Amino acid sequence: MKRFSLLVGAVSLVLFVAISGASAATPQNILVVAQSIDDAVSFDPAEGYELTTVQSFNNIYQRLVQSNPAKPTELVPTLASSWKIASDGKSIVFELKSGASFSSGNPVRPEDVIFSLSRAVKLNKSPAFILNSLGWTAENVDSFLAKVDERHVSLKWGANVGPSFVLNLLTAPIASIVDQKIAQSHEQAGDFGNGYLKTNSAGSGSFVIKSYVPHDSLVFDANPTSPAGKAKLQSVIIKNVADPAARRLLVEQGDADIARDLGTDQIAALKGKAGVSVVPFASAQQDYIIINAANEGNPALKNPALWQAARYLVDYDGIATKLLSGQVSVHQAFLPNGFPGALADNPYKLDVAKAKGILAKAGLKDVSITLSVFNQPPFTDIAQSLQSTFAQAGIKLVVQPSITSEVYSKIRSRTYEAAILFWIPDYFDAHSNASAFAVNRDDGSKTVAWRAGWSISKLSDKTDAAVAAKDPAARAKLYGEIQREVQSSSPFVFAFQSTDQVVLRSNVKGYVQGINADQVYYASVTK
Amino acid sequence: MSTARGRKPLRRFFSVIGGSVLTLVATVFALLLITFFLNSRSPIDPALAVAGDHASQATYRQTRLQLGLDDPIAVQFARYVGRLARGDLGISRSTGQSVASDLSRAFPATIELATLALLLSTIVGLALALAAASRPGGFWDSVSRALSLVGTSVPVFWFGLLLLALFYARLKLLGGPGRLDDVYQYTVNIKTGFLLFDALRSGQAGAFRNALSHIVLPVAVLALDGSARISRITRSSLLDELSKEYATFARSKGATQRRILLRHALPNVRGSTIIVVALTYLDLLEGAVLTETVFSWPGVGRYLTTALFAADSPAILGTTFALGVLFVLINATVDSLVKLIDPRLK
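Structural notes, computed from the coordinates. (Residues numbered from 1 in each chain as written. Chains lettered and ligands numbered in written order. Predicted model: local features only at pLDDT ≥ 70, side-chain atom pairs only at ≥ 80, totals over all residues. Heavy atoms only, no water.)

**Thoughts on the overall build of chain B**
Across its full length, chain B holds 15 helices and zero strands. Taken along the three principal axes of its C-alpha coordinates, chain B extends 85 × 70 × 45 Å. The buried share among the 346 residues of chain B stands at 46%. Averaging the positions of the 35 positive and the 21 negative side-chain charges in chain B gives two centres separated by 11 Å. (Helix = DSSP H or I, 4+ residues; strand = E, 2+ residues; numbered from the N terminus. Buried < 20%, exposed > 50% of the residue type's maximum accessible area, 1.4 Å probe, protein only. Lys, Arg positive; Asp, Glu negative; His and termini not counted. Charge placed at Lys NZ, Arg CZ, Asp CG, Glu CD.)

Next up, the structure:
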């Protein structure tokens, strides 16, 4: 008995000490963000292409030009103070901002611009395809970049694209300007400093990476000499909190200042709670259904009548207003709202009778389709709704949830039948989405249209013409036509555009987020 | 001076050690082989996981080349084993860091959690088993049986969130998800990765108490299942012992139930108790991935699960290797311990 009470006493003592150690509230000059950072692979802007990493690049690096988060069509001169487009429309000369320097103290020079862009192409990592659309390859990129003088650098390109497109491209994270001297001092086996930059920053942004522990935390410290101006707060700690319910608890208790990616139920529970506010930010992410016309095992999938019927079997309003209230809005074109030239109308509605008619006319009976979805909300919710509406027209949907990487593997290998996917534009230009959904010449490049088995050489030509056009109005008109064609005759059913609902503590001010996935800015945040 | 007889025990000692090492190597090798083969059958494309969905075909092919994915499986395995033999666990494809450094962070976190959970499980499990066995059918017996049921059937995820909602959010008594509050991020000098130990060594009392307040809830969640197991096995072993002749004899001589339990029955069930405790420890070490997810505990379970989802071969194999070695060592230790304490085998 004595030994037992001793044990009980010991456990109680431990508990007592533990309770005395609980504290809440984040430090005053540190911003704490609760999100998942499990997706991060590399913080080298030539390599990182996940949400966590691209959102970081806006804070630790700068580009020649950047898009204004409040008005994304507006280009803001950043490391370039001005530029001059050549008369033939195939090159631009940039004047670099005077007095700009990296966090190391090294000045920003034309050599840094050339180094950053050429290494991104030569390393040929995930986001390299963006610069490849300029016709830049590892073999030829050096011939397109040239130092004009101490303050000027010239960029040329060989692809048939217009200068407005090129400028838009240069706002993408891969075009971040890296401190060449720092990167090269850490070069190993010709990697252009990639090994070092995976976990360290060498830029001119408002912050620098203080520490990065994979799956645990990412810490930024303010960069006092940034040309963007000094950040208002001293540090930003981005904590890895994998579970959305845990993120909600943290922001509710004040142990986190910002929480991302909470589910519909959690957001609903937080609305109206004291101390927190749910802020909806416009997002360019779109959810769409993709049908695999190249799947030989299920011949019904090839039939355009099935695709047409599918357009009438989605309960657009029900899903947007009831199931996922606040998280999505109905949008049925491949250019998201906010992009110039995006179609604003939504011609399709849930119409089971019409769908039945289309299927009957095409002689499609007893159709069964396996629908691959990511095993997380909102995709599982959308899938369940589709299952019931498709069933009303006699189409059996077998929903197969899997983890993200497995779904992507199926899509790329074209072994799926149908799927619900999402798409986020890679840069703020219509060509980003158009080149994915409206180009497929079956020539080896696996665009999204290829993954749906949709061969469209004429439409591909039109898309190429749209990116080459010099006049913005002409471009917008062409994209209008291309969207219409995709909307009415492709194996894609574009359904929703997301709203990013971010939860902020009420004392957090100055947080900026733009429509592009990477446009997250911490520099002006105050508490 | 060593005679022929004197040399025999030495030789036998070395042959026993050699035999154990051989067993260890053979077991771990077989484990790696099976894991490698199963991983090669994964429906996840590892190159796609690295290159990303938007990457160009050229980047994708380059990634496949750099990862050596187009080589025959046997060649890939041989390459891996060769590097492993040189002490190189490789680079994780999803973190970009060496697997060794990833594990050097993940293991201490898990070991800290698992060890404390085991301690609590053993204390509670044994206490309950003794109370239950001393009066079968009584109050404590019912409690112990209820605990066994609840402990093994309650969803860990739900229970963890419930505890967080209650003790962290509502009552504000204990720390939330994560190992330490951000205020202490830079004050603790992290040497070993065992936060409680590091905080003590740095002389940071506040950090120590804070780390303790964060570890209590995940330990409680894990201990629920652990104590259920330990109490169930120990209780039935004790009841077995109590029905034996020597117990009846001792009772007839006037010994109290308590004395019989503590001085006769409990020592006799040492063997099975040690085994169930060791098995519980192995289970806790291998990865309380759901608990780690809810409490944002960056341990081995989460690391391995994230690696599996990304088909991150080096991380999967490295973690399996480390866990395999740990398992074999713990099993061997338990085996020798049981043999040691069993007087019948002396």
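This is not the end of the story, as more comes after the structure.
**Some points on the side chain of B:Thr95**
Take B:Thr95: it is sitting in the loop between α4 (73–85) and α5 (99–134). You can call B:Thr95 buried: its relative accessible area is 2%. At 2.8 Å, the side chain of B:Thr95 and the side chain of B:Asp102 are in polar contact. Setting aside residues no more than four positions away along its own chain, B:Thr95 makes contact with A:Val41, A:Pro214, A:His215, B:Asp102 and B:Tyr303. (Polar contact = N/O pair within 3.5 Å; in protein donor to acceptor, adjacent residues only side chain to side chain. Contact = heavy atoms within 4.5 Å.)

**Considering the nonpolar core**
Residue and element names in this part refer to chain A. Residues Trp-136 and Phe-492 are the most contacted members of the largest nonpolar core, which totals 119 residues. Among the elements that take part in this core, helix α3 (residues 110–123) stands out by supplying six residues, more than any other. Apart from residues lying up to four places away in sequence, Phe-492 is in contact with Tyr-288, Ile-289, Ile-290, Arg-311, Phe-437, Val-448, Ala-449, Ala-452, Trp-454 and Val-486. (Core = buried A, V, L, I, M, F, W, Y, C linked by side-chain atoms within 4.5 Å.)

**Considerations on the interface of chain B and chain A**
In this complex, chain B contributes 58 residues to the contact, which on the side of chain A involves 58 residues. Of all residues in chain B, B:Asp53, B:His54 and B:Asp182 give up the largest surface area on contact with chain A, accounting jointly for 14% of the area buried on that side. Seen at the junction of chain B and chain A, the total is three salt bridges. Two residues, B:Arg302 and A:Asp38, come together in a salt bridge whose shortest N-O distance is 2.7 Å. Run the count over chain B and chain A and you get 16 residue pairs in polar contact (both at pLDDT 80 or more). For the side of chain B that touches chain A, the per-class residue count stands at 29 nonpolar, 18 polar and eleven charged. (Buried area = accessible area lost by both parts, 1.4 Å probe. Salt bridge = Lys/Arg side-chain N within 4 Å of Asp/Glu carboxyl O. Nonpolar A, V, L, I, M, F, W, Y, C, P; charged D, E, K, R; others polar.)

**Thoughts on helix α14 (residues 379–392) of chain A**
Residues and elements named next belong to chain A. The terminal C-alpha atoms of α14, which comprises 14 residues, lie 20 Å apart, in line with the 20 Å expected from a rise of 1.5 Å per residue. Buried residues of α14: Phe-379, Ile-382, Ala-383, Ser-385, Leu-386, Thr-389 and Phe-390, and no others. For α14, the buried positions fall inside an angular range of 165° around the axis, keeping them on one side. Immediately downstream of α14, the backbone of Gly-394 shows phi near 90°, a positive value. (Expected span 1.5 Å × (residues − 1). Arc of directions from axis to C-beta.)

**Thoughts on the pairing of strand β6 (residues 145–149) of chain A**
All names here are of chain A. Relative to strand β7 (residues 152–156), β6 runs antiparallel, the two sharing four bridges. The partner of Lys-147 across the bridge, within β7, is Val-153. Connecting β6 to the antiparallel partner β7 that follows it, the hairpin turn spans two residues. (Pairing = 2+ DSSP bridges.)

**What about the environment of B:Phe157?**
Mapping B:Phe157 onto the fold places it in helix α7 (residues 156–170). Residues B:Phe157 and B:Val289 lie 132 residues apart in sequence; the distance between their C-alpha atoms is 9.6 Å. When sequence neighbours within four positions are dropped, the list of residues in contact with B:Phe157 reads A:Asp243, B:Leu290, B:Thr293 and B:Val294.

**Focus: the sheet that holds β7(A)**
Remark on secondary structure: sheet strands pair via backbone hydrogen bonds, oriented parallel or antiparallel. Residues and elements named next belong to chain A. Strands sit in the order β4-β5-β7-β6 across an open sheet of four strands; the sheet is antiparallel. Two strands close off the open sheet at either side, each with one partner strand: β4 (80–85) and β6. Taking each pair of neighbouring strands and ignoring which way they run, the sheet shows an average axis angle of 25°. Strand direction decides the pairing type here: β4 and strand β5 (residues 91–96), joined by five bridges, are antiparallel. From the neighbouring strand, Ser-82 faces β5, where its bridge partner is Glu-95. (Axes fitted to C-alpha atoms, helices over the stretch in contact; angles between N-to-C directions.)

**Re unusual backbone geometry**
A cis amide bond, omega 0°, links A:Pro377 with the succeeding residue A:Pro378. Assignment of secondary structure puts A:Pro378 in the loop between β14 (368–374) and α14. At A:Asp442, a residue that is not glycine, the phi angle is positive and equals roughly 50°. Examined against the element boundaries, A:Asp442 turns out to sit in the loop between α16 (430–437) and α17 (448–451). A positive phi is found at B:Ser296, a non-glycine position, where the angle reads about 50°.

**Observations concerning the pairing of β5(A)**
All names here are of chain A. Adjacent in sequence and paired antiparallel, β4 and β5 are bridged by five residues, among which Gly-89 carries a positive phi angle near 70°. Bridging between β5 and β7 involves five bridges; their strand directions are antiparallel. Along β7, the bridge assignment pairs Phe-94 with Val-153.

**Considerations on the pattern of salt bridges**
Side-chain pairs of opposite charge can arise whenever the charged atoms involved come near each other. Evaluation of the coordinates by the stated rule reveals 34 salt bridges over all chains. Notably, a salt bridge pairs A:Glu95 with A:Arg151, separated by 2.8 Å at the nearest N-O pair. Within this pair, whereas A:Glu95 is found in strand β5, its partner A:Arg151 is found in the loop between β6 and β7, the two being separated by 56 residues in sequence. According to the relative accessible area criterion, A:Glu95 is partly exposed, its value standing at 25%. Judged by its relative accessible area of 33%, A:Arg151 falls in the partly exposed class. In this structure, the salt-bridge partner of B:Arg64 is B:Asp45, at a minimum N-O distance of 3.7 Å. One end of the pair, B:Arg64, is in helix α3 (residues 57–66); the other, B:Asp45, is in the loop between α1 (4–40) and α2 (46–51), with 19 residues separating them in the sequence. The network of salt bridges with common partners includes A:Glu47, A:Lys125 and A:Lys198.

**Here's the deal with a nonpolar patch on the surface**
Together, B:Leu10, B:Phe13, B:Phe14, B:Ile17, B:Val21 and B:Val25 line one region of the surface with nonpolar side chains, adding up to about 590 Å² of accessible area. When you line up the elements, B:Phe13 lands in helix α1. (Patch = residues over 30% accessible without salt bridge, like charges linked within 9 Å, V, L, I, M, F, W, Y side chains within 5 Å. Areas by Shrake-Rupley, 256 points an atom, 1.4 Å probe, with all protein chains shown as cover.)

**As for the packing of aromatic side chains**
Per the stated rule, a full pass over the model turns up 28 aromatic pairs over all chains. Consider the rings of A:Phe43 and A:Tyr212, whose centres lie 4.8 Å apart with planes at 70°: the pair is edge-to-face. Linking A:Phe43 in the loop between β1 (30–35) and α2 (51–60) with A:Tyr212 in strand β8 (residues 207–213), this pair joins segments that are 169 residues apart in sequence. Residues A:Phe43 and A:Tyr212 agree in their burial class; the two are buried. Arranged with centres 4.8 Å apart and planes meeting at 75°, the rings of A:Phe437 and A:Phe494 form a pair that is edge-to-face. Taken together, the residues A:Phe437 in helix α16 and A:Phe494 in strand β17 (residues 492–505) connect sequence positions 57 residues apart. Pair check on accessibility: A:Phe437 and A:Phe494 agree, each one buried. These aromatic residues form a ring-pair network of at least three members: A:Tyr288, A:Phe334, A:Trp423, A:Phe437, A:Trp454, A:Phe492 and A:Phe494. A cation sits over an aromatic face here: A:Arg412 above B:Tyr60, 5.0 Å from the ring centre. Directly above the aromatic system of A:Trp450 lies the positively charged group of A:Arg414, at a separation of 3.9 Å from the ring centroid. (Phe/Tyr/Trp six-rings, centres within 6.5 Å; stacked < 30°, edge-to-face > 60°. Lys NZ or Arg CZ within 6 Å of the ring centre and 35° of its normal.)

None of the figures reported here should be taken as evidence of function without further support.
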